[in-house]
Amino acid sequence: RGTVTAFSPFDARADAEALRKAMKGMGTDEETILKILTSRNNAQRQEIASAFKTLFGRDLVDDLKSELTGKFETLMVSLMRPAYIFDAHALKHAIKGAGTNEKVLTEILASRTPAEVQNIKQVYLQEYEANLEDKITGETSGHFQRLLVVLLQANRDPDGRVDESLVEQDAQVLFRAGELKWGTDEEKFITILGTRSVSHLRRVFDKYMTISGFQIEETIDRETSGDLEKLLLAVVKCIRSVPAYFAETLYYSMKGAGTDDDTLIRVMVSRSEIDLLDIRQEFRKNFAKSLHQMIQKDTSGDYRKALLLLCGGDDD
């Protein structure tokens, strides 16, 4: 359900030559660069980079960095990152240096499948010779840290037959841990939301509504705060629908004054081959305008052109 698929007929050498020509000499032909890189999938972009090195003895990413600037450069360089390195790289930058970017940790770890999380941990170790869990625990604390660690274990129950008696039990436990308790037993929320299967939790949320009269999101909103609240809400939203979660993430990256370009780029690039078509549908359904229209209004120049190509069409 991605907007970017394998381009055919594909010729890595011809693409490499066109890119070299676009960057050689005075001035840069941005149009050619963005057209090629947004219409090839990630595997093909890696082939182009390898052909580029073979033909010209130059590194394509280094050339892009030296020829392009600003958000457009960030977007093009992000497209060149191998898919499996993309998340590891984003996480490394979120925990590097002064201050941690909790938003990035939340978005990635709440939305990726257990298999994807295992993959990210492996790649992180290979690329940066460091243990991702150690790095994250070194930079976070409290219940927020505990839920991140639970998600990093990537041991969520696989989807299977849903046991209704366990659904009832979990819903009751959450009700007692939140609404019925003076103070909140965050640990119960962390364990249940971090380890149960997706189909089980969807039933738990329905049952919770029946028992308490509240959506689970309302309870989390009332009973928790700060980074933990944001992470719990992200987990619940992703259990309900990953595309809807990303539609909302994209909407808020552009809503109001100023654009959160890092988030906009990260989501557009990381979902372009996975579920961007579904995200577009949810966006249209929930925000009374299309993703295409919002990008059009909120960005400009080559950066806008490239994002619109990744978006792959309007949903009027």
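These numbers were taken from a predicted model, which means no experiment stands behind them.

A. Geometry of the overall build of the protein chain. The secondary structure content of the protein chain amounts to 20 helices and zero strands. Projected onto its principal axes, the C-alpha coordinates of the protein chain cover approximately 70 × 45 × 40 Å. Within the span of the protein chain, comprising 316 residues, buried residues form 48% of the whole. The long-range fraction of contacts in the protein chain, counting pairs at least 24 apart against all pairs at least 6 apart in sequence, stands at 71%. When the accessible area of the protein chain is evaluated, it comes to approximately 14,800 Å², of which 48% is carbon and sulfur surface. Across the protein chain, the centroid of the 43 positively charged side chains sits 2 Å from that of the 51 negatively charged ones.

B. Spotlight on helix 2 (residues 30-39). Looking only at helix 2, the buried set comprises Ile33, Leu34, Ile36, Leu37 and Thr38. Looking at the buried side of helix 2, the elements it contacts are helix 1 (12-23), helix 3 (42-56), helix 4 (60-67), helix 5 (70-80) and helix 20 (301-311).

C. How the structure looks around the pattern of salt bridges. Applying the stated rule across the entire model yields 21 salt bridges. The residue Arg58 makes a salt bridge to Asp63 at a minimum N-O spacing of 2.8 Å. Residue classification places Asp63 among the buried residues on the basis of a relative accessible area of 8%. Notably, a salt bridge pairs Glu248 with Lys237, separated by 2.9 Å at the nearest N-O pair. Highlighted residues: Glu248 in helix 16 (residues 242-254) and Lys237 in helix 15 (residues 226-240), separated in sequence by 11 residues. Members of the salt-bridge network, linked through shared partners, are Glu31, Lys35, Asp302 and Lys305.

D. Spotlight on helix 12 (residues 186-195). Among the residues of helix 12, Glu186, Phe189, Ile190, Ile192, Leu193 and Gly194 are the ones counted as buried. Residues of helix 12 that are buried make contact with helix 10 (142-152), helix 11 (164-177), helix 13 (198-212), helix 14 (216-223) and helix 15.

E. Geometry of unusual backbone geometry. That bond from Ser8 to Pro9 is cis: its omega, -5°, falls within 30 degrees of zero. Turning to its location among the elements, Pro9 is positioned in the segment before helix 1. One non-glycine residue, Glu129, adopts positive backbone phi at about 50°. Relative accessible area serves as the criterion here: at 72%, Glu129 is assigned to the exposed category. In this structure, Ala154 takes a positive phi of about 55° despite not being glycine. One can find Ala154 in the loop between helix 10 and helix 11. A relative accessible area of 12% means that Ala154 is categorised as buried.

F. View of the nonpolar core. Ranked by internal contacts, the top residues of the largest apolar core, which has 97 residues, are Met76 and Met268. No other element matches helix 15, which puts nine residues into this core. Excluding residues that lie within four positions of it along the chain, Met268 makes contacts with Leu250, Leu276, Leu291, Ile295, Leu307, Leu310 and Cys311.

G. Molecular detail of the side chain of His200. Secondary-structure assignment places His200 in helix 13. Those residues within four positions of His200 in sequence are excluded, and the remaining contacts are Val162, Leu166, Val167 and Asp170.

H. Quick peek at the domain arrangement of the protein chain. Assigned domains of the protein chain: these are domain 1 (12-84), domain 2 (86-153), domain 3 (164-239) and domain 4 (242-311). Computed from C-alpha atoms alone, the centre-to-centre distance between domain 2 and domain 3 is 23 Å. Each side of the interface is counted separately: domain 2 has 11 residues, and domain 3 has 13 residues. Overall, the association of domain 2 and domain 3 removes approximately 1,100 Å² of surface from exposure, summing both partners, and the carbon and sulfur fraction of that is 81%. For domain 2, the biggest contributors to the area lost against domain 3 are His143, Phe144 and Leu147; these three give 46% of the whole.

Calculation rules
- Residues numbered from 1 in each chain as written.
- Predicted model: local features only at pLDDT ≥ 70, side-chain atom pairs only at ≥ 80, totals over all residues.
- Heavy atoms only, no water.
- Helix = DSSP H or I, 4+ residues; strand = E, 2+ residues; numbered from the N terminus.
- Buried < 20%, exposed > 50% of the residue type's maximum accessible area, 1.4 Å probe, protein only.
- Contact = heavy atoms within 4.5 Å.
- Areas by Shrake-Rupley, 256 points an atom, 1.4 Å probe, with all protein chains shown as cover.
- Lys, Arg positive; Asp, Glu negative; His and termini not counted.
- Charge placed at Lys NZ, Arg CZ, Asp CG, Glu CD.
- Salt bridge = Lys/Arg side-chain N within 4 Å of Asp/Glu carboxyl O.
- Core = buried A, V, L, I, M, F, W, Y, C linked by side-chain atoms within 4.5 Å.
- Domains from an automatic or database assignment.
- Buried area = accessible area lost by both parts, 1.4 Å probe.

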